[in-house]
Amino acid sequence: MAGAAGPGTGPGAAGGDGDDSLYPIAVLIDELRNEDVQLRLNSIKKLSTIALALGVERTRTELLPFLTDTIYDEDEVLLALAEQLGNFTGLVGGPDFAHCLLPPLESLATVEETVVRDKAVESLRQISQEHTPIALEAHFVPLVKRLASGDWFTSRTSACGLFSVCYPRASNAVKAEIRQHFRSLCSDDTPMVRRAAASKLGEFAKVLELDSVKSEIVPLFTNLASDEQDSVRLLAVEACVSIAQLLSQEDLEALVMPTLRQAAEDKSWRVRYMVADKFSELQKAVGPKITLNDLIPAFQNLLKDCEAEVRAAAAHKVKELCENLPPEGRETIIMNQILPFIKELVSDTNQHVKSALASVIMGLSTILGKENTIEHLLPLFLAQLKDECPEVRLNIISNLDCVNEVIGIRQLSQSLLPAIVELAEDAKWRVRLAIIEYMPLLAGQLGVQFFDEKLNSLCMAWLVDHVYAIREAATNNLMKLVKKFGTEWAQNTIVPKVLVMASDPNYLHRMTTLFCINALSEACGQEITTKQMLPIVLKMAGDQVANVRFNVAKSLQKIGPILDTDALQEEVKPVLQKLGQDEDVDVKYFAQEALSAVAQRLRKLDSPAKDGEEPSAPGADKNHFLRPGGPGEDTGKAHRERAARVVSEEAVEAARFRGTDAAKGPAYQLHVNTRDTLAQLEIAELVHFSQSRD
Amino acid sequence: METKLPPASTPTSPSSPGLSPVPPPDKVDGFSRRSLRRARPRRSHSSSQFRYQSNQQELTPLPLLKDVPASELHELLSRKLAQCGVMFDFLDCVADLKGKEVKRAALNELVECVGSTRGVLIEPVYPDIIRMISVNIFRTLPPSENPEFDPEEDEPNLEPSWPHLQLVYEFFLRFLESPDFQPSVAKRYVDQKFVLMLLELFDSEDPREREYLKTILHRVYGKFLGLRAYIRKQCSHIFLRFIYELEHFNGVAELLEILGSIINGFALPLKTEHKQFLVRVLIPLHSVKSLSVFHAQLAYCVVQFLEKDATLTEHVIRGLLKYWPKTCTQKEVMFLGEMEEILDVIEPSQFVKIQEPLFKQVARCVSSPHFQVAERALYFWNNEYILSLIEDNCHTVLPAVFGTLYQVSKEHWNQTIVSLIYNVLKTFMEMNGKLFDELTASYKLEKQQEQQKARERQELWRGLEELRLRRLRGTQGAKEAPLQRLPAPVATSGGQS
C-alpha cells in the first residue's frame, strides 16, 4: 500500500526538507487514479492544493508529466483538469515556466468532448498571455501549428480559437505562417472545422494588419459566406460585423457588401435569420450611408420574408434600426420605407411575429414625435390592442409608458379599456396574472379618476378569482395601488370593499380579506389599521372555518408591529389567547406563534419603562408554544393536514357553487373527510390554492 | 444544363416575387396549427419550402406517352419532365388545383413509364430527369414548429407537398432501379453536390420522406462506386455534428440503417478509415440524449463491425463503458442490451481483456435502485454463452462482482431482484464452491479495509491542506525578496487560497 509506505520512507529520504517528502507524489497519484470517479474528480479539483504541497519544481517535473501521460479519463474529470490548468502558472513557477502547462492542455484540446476541448482552449488562451514573446514563439506557436495540422477534426477545431491570441505578439515571419494556417483551416474538408474557423474569423480579423485583412480575410470571408453548408454561411454573417468595422466605406462597398447582400437573400432561412438577428450590429458597422442604400431594402425583404422565424427576428429589430438611423432624414425614411412594412406585420398570420413587433413598436413613438404617432402609429396600437393573441395585447400594454411620454395615454384609453377588461377575464390564469402586474403602472398613467371609474371594479373582482395565484396577485396589486394613490384613497375606495368580504358566505373570500389586510396594513398606517381593520380581524376569530381562524392568528402576528401597545395588550392578546385554546391543532399552533411574537413586541415596547413585568403573562400558552419534543415533526404533520383540509374545503366550496343552496351559509361541516371529497375536485386550478406561504 | 431546356418549359430566370399569379386567398382558417406558423399564402411563392419559377404559366395536359409514336416519345418525355419541374403551393390547398392535377398525372405517367417501358432511358434524358428531381426535392427544410421536437412523443410535421413529392421520389427510385439505368452516364449529374443535398434532406421531419430517402441513398451507394467514400465521409460529418454540436437530426436512424448494410459489405481486413469511424463516430453516438430513437440500428452497426473484426471488441467495450449513462436509466437498459448482443458474439480471447472493468460495471448496474436496470443486468446470467465465459474466468469475474452482489442481496428493495441475485450467487457456489467461500469470508474484512482507506484519505487531504497553508505563508513571507521580479505568480497563488 502506497499510503502506508509513504510516510515511512519519506523522512529518511528527504532529510531536512521534511515538508515535501511527507506526501510523496505516489500517494497523490494514487488518489488521482482512484477507481471511484467522484474521488478522482475531487482530487483533480484540489489539484492546486497538491501542486502547492509539492512545490513548483516537483509540480513541473513530476506532477505535470504524470497528468500529460494519463489523459484518458471521464470527460468530467478532464473538464475539471482543463479548468485547473488555466490558473496554474503561479504553481509551476511563474511566466518563465508557463510553457510547462502546454503539453497536458494540448492533449486536452484534442479530445472528443466539446466542453472539455473548449475549456482547454480557454485555458490555453489565458496562459498565452502569460508567455514571454520568446516563449510564445518557442512553445506556444508550435503548439498552435501542431493542432492546426492535426489529423482529426477536434484538434483543428481547437486551433481556430488560438490564432488571435498569439498573432499580435509574434514576429513577422511567424505571423505569415499563422495566417497561412488559418487560411487552410477556413477551407478545411470537415465542416466542423470550417464552422470553427468562421466563428473565429471576426476575432482574428481584428488583430490583423489592415492590408492583410483586405488581402486575406476578405477572400476567406467571401468563401465561407458562400459555403455549401448553411451552418457555415450563417457564421460568416457574424464575422461580417467585425470585418466591416475595420474597413473604410469604399472598401466596404467593394469587398463586403456584395457578400452581405447575398446573405440577406440566402436560400436558407437560417442565414437570413442570422442577418435579421445581427441587423443592429451590422447597421452600426457599415455606417449610415450603406445602411440607407443597402440595408434598408434588405430589411424590408426580411420583414416580409416567407419564414415566420425570419420575420419575427426582423420585427424585433425595428426599433433599434430606427433609433440608429442618422437624425436628419430619419423621420422620412421611417415613414416611407419602414412603416408600410410594419403596417403589414400588424396583421401577420403568425403570432410570434406579431408579438415580437408589439414588444418594440411602441418605442417608435418617441422617435417619430407626437403628430406622426397620432396619425400613423396609433391606429396600429389600437389594432394590436384588439389582437386575438393575448401576448400581443400584453406586449402593447406593458410598453405603454413609451407612448405616454409622447401623446399621453388618454388617446388610447378608449381601446385600452376593452383590451384590459378582456385580458382581465381571459380564460388562462397566466394571462390574467400578467395583466394584474401592469395595473399599478396603468394606474399611474391613467390617473385616479379614470382608474376609479373604469378599473377599480376589475381590481376588486380579481380578489374573488377562483385561482389562488390571481387572488394573491390581486392583494399585492392593491398594496401597490395604495402606495401610489395614498391612504385617503384607500380608506374611501378599497378598504370598505375589502372589509365587506369578511362576512362573505364563502370562506375563501373571507380569507382574502385577511390576506388583503396583511398586505395593506403597512401601506395604510396605524390609524386605519387599528380603527378599521383590526375589529374585523378580531371578529373573524370566531369563524366556523378553522382555516380562517388560523389565518386570523397569522394576520394578527403580521399587523402586530403596526399596532400600538394598548391595542396589542387589550384587544389582540385576549383573542390570541382564546385561539390558543382552540380545538383545532393548527389554529392553536399559529395562535401560539403569534402570541409569542406579540409578547416579544410588547416586551420591546415596554422594556424601557417596566422591565419584565408583563412577559410572563401568557405563561399557560408558553408551555404549549415551546413544545419541547419534536416540533419539526408536528409542524410537518400540521402542514399536511392543513393542505388536505384546504383541498377538501375547496371541494365543498366547488360543490356548493354548483348547488342552489348558496344562501345556506352553514353548509360547511368542516373537517370534511378528504377522501370522500377529493373525487369531486374537478377544477385543476384550485390546486394552486395553497397554504404553504408562511 | 440551362440550354437543354425544352421550349415548353418556363425560363428559370431568378424569381421576382412581386409577380405572383396566384390570387390572394382568404384568411387562413383558424384551426390549423400549421397555418399559423406558415408563410402568408400570398407570399408563398418565394417560400424557402420551394423556390418558384417566375411567370408561372398554366399547365396544360400533354398527350399520353403511350399514345405517341416512338419517334416522338423522347421529345414528349422531355416536355413532361419540364412540366413536372413547375412547383406548386401546397400550403394553400385550393390554389391552382388544375395545375396540380396536371402535374400529378404527368408524374404518375412518368413513374409508370420509367418502371415498365424499356428503352426510355437514353442519354439525353438524364439531365432532364435529374433536373426535375433536383427542383422538386432539394429545398431548405423549414424551421421546426416545435423546437423541442421529441421524435418519440410528438407528431411529426408532415410535408404538405407530399402528393407530388412522393411521386417524384417514386420516380427517382424506379429510375435508379430500372434495368436500363446506366450509372456511367448518370454519374455526370449525380455528383458530390447532389449527394450532399440528398443527405441534408434526411433531417426532414416527415418519416415517409426519410423512408424514400433511405432506399434511394442505398441504391445510389450501390450504383455509384465513385461516390461511396464521399457518402461515408459526409455521413460521419452529419453524425459528428449531431453528437457534438446540435443533438438534433431527424434521419440518424435511417442513415445508420444504410450504414449497417454498408458495414456488412466491408472487405477484410478493415481499413483504418472504417475502424476510425467505429471508434470516433459510432461509439460516441451512444452519448446522445435521443439514443432511444436509433439505438437498435446503432447496436446493429456495432455488432456488424465486431463480427467482421473481433480485435475491435476491446475498443468498443471500453468505449461503451466510458459513455455509460450515469443518470438515465432508460439508456442504461439499452446499453445493457447492446452489451449482451456484443457478448453473444465475443471471442473468449477478447473477453479476457475486458472482463474486469465490464463486470464491475455490470455489478454497479445490479446495485441500481431502478429495478429494471438491475433486472436487465442480472439477465446476463440467463445467457448460456455468457455463463460459460464467466465460468471459464471465474477467478477474475467473481471477485469483481461478489462484493456488490452480496451487499445488494441484503439491501435491495425489490424482491424480484433479491431472488434473482440469490440465483446468481447459487450459480457461483456451484461453479466454484471454494472460491465462493473464500470471497464470503473476506467480504467483511474488505468492508473494514474500505473504511480504513476512507479515513486515511481524509487524513491525507487534511494534511495536504495544512501543508498548502504553510507553504502559502512561506511564499508570501520568507521569499518576498527573490520573488520581486514576479509579482504575477504570487498574486495567482494568493488567489488560490
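Thresholds, definitions, all that
Residues numbered from 1 in each chain as written. Chains lettered and ligands numbered in written order. Predicted model: local features only at pLDDT ≥ 70, side-chain atom pairs only at ≥ 80, totals over all residues. Heavy atoms only, no water. Helix = DSSP H or I, 4+ residues; strand = E, 2+ residues; numbered from the N terminus. Buried < 20%, exposed > 50% of the residue type's maximum accessible area, 1.4 Å probe, protein only. Contact = heavy atoms within 4.5 Å. Axes fitted to C-alpha atoms, helices over the stretch in contact; angles between N-to-C directions. Left-handed = near helix turned anticlockwise from the far one by under 90°. Nonpolar A, V, L, I, M, F, W, Y, C, P; charged D, E, K, R; others polar. Salt bridge = Lys/Arg side-chain N within 4 Å of Asp/Glu carboxyl O. Disulfide = S-S within 2.5 Å. Parallel < 35°, antiparallel > 145°, perpendicular 65-115°, else oblique. Domains from an automatic or database assignment. Core = buried A, V, L, I, M, F, W, Y, C linked by side-chain atoms within 4.5 Å. Phe/Tyr/Trp six-rings, centres within 6.5 Å; stacked < 30°, edge-to-face > 60°. Lys NZ or Arg CZ within 6 Å of the ring centre and 35° of its normal. Patch = residues over 30% accessible without salt bridge, like charges linked within 9 Å, V, L, I, M, F, W, Y side chains within 5 Å. Areas by Shrake-Rupley, 256 points an atom, 1.4 Å probe, with all protein chains shown as cover. Lys, Arg positive; Asp, Glu negative; His and termini not counted. Charge placed at Lys NZ, Arg CZ, Asp CG, Glu CD. Expected span 1.5 Å × (residues − 1). Bend = angle between axes of the 7 residues up to and from the residue. Polar contact = N/O pair within 3.5 Å; in protein donor to acceptor, adjacent residues only side chain to side chain. pLDDT = per-residue confidence, 0-100.

A. View of the overall build of chain A. What chain A contains, in helices and strands, is 38 helices and zero strands. Put simply, chain A has 694 residues, and 56% of those count as buried. Of the contacts made within chain A by residues no fewer than 6 positions apart, 71% connect residues no fewer than 24 positions apart.

B. Looking closely at the packing of helix α11 (residues 272-282) of chain B against helix α12 (residues 291-308) of chain B. Residue and element names in this part refer to chain B. Interaxial distance between α11 and α12 falls to 11 Å at its minimum, and their mutual angle equals 145°. The interaxial crossing formed by α11 with α12 has left-handed handedness. Across the interface between the two elements, H274, F277, L278 and L282 of α11 pack against L298, C301, V302 and F305 of α12. Of the residues belonging to the contact of α11 with α12, the class tally is seven nonpolar, one polar and no charged.

C. Structural view of the pattern of salt bridges. All names here are of chain A. A complete count under the given rule lists 52 salt bridges over all chains for this structure. R146 is paired through a salt bridge with E106; the nearest N and O atoms lie 2.8 Å apart. In this pair, R146 sits in helix α10 (residues 133-148) while E106 sits in helix α8 (residues 102-108), placing the two residues 40 residues apart along the sequence. The exposure class of R146 is partly exposed, given its relative accessible area of 44%. Overall, the relative accessible area of 17% leaves E106 in the buried class.

D. Local environment of the state of the cysteines. Residues and elements named next belong to chain A. Applying the stated rule across the entire model yields zero disulfides over all chains. Cysteine C100 shares no disulfide, and the gap to the nearest cysteine sulfur, in C166, comes to 19 Å. Of the cysteine sulfurs around C186, a residue in no disulfide, the closest is that of C160, at 7.2 Å. With relative accessibility at 5%, the residue C186 sits in the buried group.

E. Region of interest: the packing of helix α13 (residues 172-186) of chain A against helix α14 (residues 191-207) of chain A. All names here are of chain A. Running from N to C, α13 and α14 point in directions that differ by 135°, and their axes come no closer than 8 Å. Considering their axes alone, α13 and α14 lie oblique with respect to each other. Where α13 approaches α14, its residues I178, R179, F182, L185 and C186 are matched on the opposing element by V193, R194, A197, K200, L201 and F204.

F. Looking closely at the domain arrangement of chain B. As far as domains go, chain B holds domain 1 (56-141 + 160-189), domain 2 (192-308) and domain 3 (310-431). A straight line from the C-alpha centre of domain 1 of chain B to that of domain 3 of chain B covers 56 Å.

G. Spotlight on the nonpolar core. Residues and elements named next belong to chain B. Among the nonpolar cores identified, the biggest contains 379 residues, and F359 and F428 are the most heavily contacted of them. Ignoring anything within four residues of it in the chain, the contact list for F428 reads W381, I390, L398, V401, L405, G433 and F436. Judged by nonpolar contacts, the second largest core, of five residues, contains L59, V86, F90 and V102.

H. Main features of the packing of aromatic side chains. For the coordinates displayed, the defined rule picks out 34 aromatic pairs over all chains. Aromatic pair Y169 of chain B and Y212 of chain B: ring centres 5.8 Å apart, planes at 15°, arrangement stacked. A residue pair is termed long-range when its members are at least 10 positions apart, and Y169 of chain B in helix α5 (residues 162-177) and Y212 of chain B in helix α8 (residues 207-223) qualify at 43 residues. With respect to class, Y169 of chain B is no different from Y212 of chain B; both count as buried. Look at F402 of chain B and F436 of chain B: their rings are 5.4 Å apart centre to centre, the planes differ by 90°, and that puts the pair in the edge-to-face class. Of this pair, F402 of chain B sits in helix α18 (residues 394-411) while F436 of chain B sits in helix α20 (residues 433-477); the two residues are 34 residues apart in sequence, bridging distant segments of the chain. One aromatic cluster in this structure is built from Y126, F171, F175, F181 and F224 of chain B. Seen from the ring of Y244 of chain B, R117 of chain A lies directly overhead, with NZ or CZ sitting 5.9 Å from the centre.

I. Broad picture of a negative patch on the surface. Negative charge collects at one region of the surface, where D564, D566, E570 and E571 of chain A lie side by side. Mapped onto the elements of the fold, E571 of chain A is located in helix α34 (residues 565-579).

J. Inspection of helix α31 (residues 507-524) of chain A at higher detail. All names here are of chain A. Across its 18 residues, α31 extends 24 Å between first and last C-alpha, which sits within 8% of the 26 Å expected from 1.5 Å per residue. A bend of about 30° at N518 is the largest found in α31. For α31, a buried count of 16 out of 18 residues is recorded, marking the element as mostly surrounded by other parts of the structure. The backbone nitrogen of L508 lies 2.7 Å from a side-chain oxygen of the residue at the head of α31, namely N506.

K. The arrangement of the confidence of the model for chain A in detail. Residue and element names in this part refer to chain A. In the predicted model, chain A carries a mean pLDDT of 79, and the fraction of residues at 70 or more is 82%. Per-element confidence in chain A ranges from a low mean pLDDT of 35 for helix α1 (residues 2-14) to a high of 93 for helix α11 (residues 153-160). Confidence drops under a pLDDT of 50 for residues 1-20, and excluding neighbours within four residues, the segment shows 14 contacts in the predicted structure. Segment residues 609-694 is flagged for pLDDT under 50; beyond a separation of four residues in sequence, or across chains, it makes 105 contacts in the model.

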